[in-house]
Structures are given as structure tokens and as C-alpha cells.
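# Structural features, examined
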Amino acid sequence: MLTDTRIKALKPKAVRYLVSDGGGLNLEVRPNGTCSWVYRYRLQGRPEKITLGAYPAISLKRARAERDKHRTSVAEGKSPAQMKKQAKQ
């Protein structure tokens, strides 16, 4: 499980990397130092992912709430990534 203190201590590396919070929620740390929340899940056996937003604009607490909301959609057989794509159109 991540904490705000642990997140702030993360340092960028030469390549992007993921730090897991559990339940499919990950924090992606890029070489330039920016961080984004990513929810990774499987739907019908296929891996999918959805970007929730940048840290610290999206807090750890809010990212966990978003993950739980999307987790419910996945349990109902709906793809959060497809729903986000349709909402943009």
C-alpha cells in the first residue's frame, strides 16, 4: 500500500516504472518526474488499463475511490476505458 510520504520519496529513473498500491491501482513514474495514476484490469481475459489522472492533482484517496468505482464496472462486464472513450466523443 502506498502512502503520500512514500509517493513523495519516489525518484525518476531512466525509464518509466510502476509502483503498485494494490487492487490494480498503480502509480506510473516517468523519467521527467511526473506521476500518473493508472488502473489496470482484465475484462474477458484481455488486459486493459485506464489513466485516472496526474498526482498530486488526483490524491491517493481519490485515486482509490476511482479504482473502486471502475472495479464495480468491470465486475458488471463494462470496460471503463471504453466508457471514458465514449464520453469524450
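Predicted, not measured: the structure shown is a model, and the values here were computed from it.

On to the sheet that holds strand β3 (residues 35-43), then. Strand pairing within a sheet occurs via backbone hydrogen bonds; the two strands may be parallel or antiparallel. Strand order in the open sheet formed by 4 strands is β1-β2-β3-β4, with antiparallel pairing between adjacent strands. At either margin of the open sheet sits one strand with a lone partner, and together these are β1 (17-22) and β4 (46-55). Across the sheet, the axes of successive neighbouring strands diverge by a mean angle of 30°, strand direction being ignored. Pairing of β3 with β4 involves 9 bridges; the strand directions are antiparallel. Residue pairing in the sheet places Arg42 in a bridge with Pro47 of β4. In the packing of helix α2 (residues 60-75) onto the sheet, contacts are made with β1, β2 (25-29), β3 and β4, and the angle to β3 comes to roughly 20°.

The general pattern is negative phi for most residues beyond glycine and trans for most peptide bonds. Residues Tyr55 and Pro56 are joined by a peptide bond in cis, for which omega reads 15°. Within the fold, Pro56 resides in the loop between β4 and α2.

This paragraph deals with the nonpolar core. Generally speaking, soluble globular proteins have nonpolar side chains that are buried together. Leu2, Ile7, Leu27 and Trp37 are the most contacted members of the largest nonpolar core, which has 19 residues in total. Of all the secondary-structure elements, those providing two or more residues to this core are β1, β2, β3, β4 and α2. Per element, the largest residue contribution to this core is 5 residues, and it comes from β3.

Rules used in this analysis
- Residues numbered from 1 in each chain as written.
- Predicted model: local features only at pLDDT ≥ 70, side-chain atom pairs only at ≥ 80, totals over all residues.
- Heavy atoms only, no water.
- Pairing = 2+ DSSP bridges.
- Helix = DSSP H or I, 4+ residues; strand = E, 2+ residues; numbered from the N terminus.
- Axes fitted to C-alpha atoms, helices over the stretch in contact; angles between N-to-C directions.
- Contact = heavy atoms within 4.5 Å.
- Core = buried A, V, L, I, M, F, W, Y, C linked by side-chain atoms within 4.5 Å.
- Buried < 20%, exposed > 50% of the residue type's maximum accessible area, 1.4 Å probe, protein only.

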